[in-house]
Every structure is written in C-alpha cells, then in structure tokens.
Amino acid sequence: MMTAILYLIWFMFYFALFSLVLGLIRPVFVLWFMDRMNRLKVLKIYGVSAIVLLGILIFSEYYFS
C-alpha cells in the first residue's frame, strides 16, 4: 500500500515538473482554468507544488524505507 502511494506521489511530482516547464514556455497550456495567465502564477502553483511533493518524497524515503 505504501509503495502505491509513493508511486502516486512520484507521478504527481513529475507532472508538476512537466507542467512547470511547459508553463514557463507557454502559460496558457497549464493555466487554462484561470482568467489571467502569466509565468509568475505558473511558478506559484506548479513550482510550490513540486517543492512540496519533493519534500514529502524525501521525508517518506527517509522514514519509511
């Protein structure tokens, strides 16, 4: 069960990184649901989520492996 959760978190981390890179190139692709789209919002949404997910992964690898 823990392995499945770790795989899900890894997937979400890679998705956030991919969306971050794609959003820095063209913000409309990843912020289609917002009324204003700029690169700062891409960094706030996907950059922070990637950092948080990486922190969770490091924490879980340290304590649960």
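Residues numbered from 1 in each chain as written. Predicted model: local features only at pLDDT ≥ 70, side-chain atom pairs only at ≥ 80, totals over all residues. Heavy atoms only, no water.

Draft legend 1. How the structure looks around the packing of aromatic side chains. Inspection of the entire model under this criterion finds 6 aromatic pairs. Where F13 meets Y14, the ring centres are 5.5 Å apart and the plane angle is 55°; that geometry is what we call tilted. Each residue in the set W10, F13 and Y14 is aromatic and connected to the rest through ring pairs, giving one cluster. (Phe/Tyr/Trp six-rings, centres within 6.5 Å; stacked < 30°, edge-to-face > 60°.)

Draft legend 2. Quick look at the nonpolar core. L6, I9, F13, A16, A50, L53 and L57 form the largest nonpolar core, which has 7 residues in total. Per-element accounting of this core gives the leading share, 4 residues, to helix α1 (residues 2-25). Every residue in contact with L57, bar those within four places of it in the chain, is listed here: L6, I9, W10 and F13. (Core = buried A, V, L, I, M, F, W, Y, C linked by side-chain atoms within 4.5 Å. Buried < 20%, exposed > 50% of the residue type's maximum accessible area, 1.4 Å probe, protein only. Helix = DSSP H or I, 4+ residues; strand = E, 2+ residues; numbered from the N terminus. Contact = heavy atoms within 4.5 Å.)

Draft legend 3. Structural view of helix α2 (residues 39-64). With 26 residues, α2 should cover 38 Å at 1.5 Å per step; its first-to-last C-alpha distance of 36 Å lies within 8% of that length. Along α2, the positions that sit buried rather than exposed are V42, Y46, G47, A50, L53, L57 and S60. Looking at the buried positions of α2, the neighbouring elements they touch are α1. (Expected span 1.5 Å × (residues − 1).)

Draft legend 4. The packing of α1 against α2, seen in detail. Viewed as axis vectors pointing N to C, α1 and α2 meet at an angle of 155°, and their least axial separation amounts to 9 Å. Our classification of the angle between α1 and α2 gives roughly antiparallel. The element α1 and its partner α2 pack so that their crossing is left-handed. Residues belonging to the contact of α1 with α2 are distributed by class as follows: 20 nonpolar, 5 polar and 2 charged. (Axes fitted to C-alpha atoms, helices over the stretch in contact; angles between N-to-C directions. Parallel < 35°, antiparallel > 145°, perpendicular 65-115°, else oblique. Left-handed = near helix turned anticlockwise from the far one by under 90°. Nonpolar A, V, L, I, M, F, W, Y, C, P; charged D, E, K, R; others polar.)

Draft legend 5. How the structure looks around a nonpolar patch on the surface. Taken together, the side chains of M1, M2, I5, F59, Y62, Y63 and F64 define a hydrophobic patch exposed on the protein surface, amounting to about 880 Å² of accessible area. Here the element with the most residues in the nonpolar patch is α2; it accounts for 4 residues. For Y62, the position within the fold is in helix α2. (Patch = residues over 30% accessible without salt bridge, like charges linked within 9 Å, V, L, I, M, F, W, Y side chains within 5 Å. Areas by Shrake-Rupley, 256 points an atom, 1.4 Å probe, with all protein chains shown as cover. Salt bridge = Lys/Arg side-chain N within 4 Å of Asp/Glu carboxyl O.)

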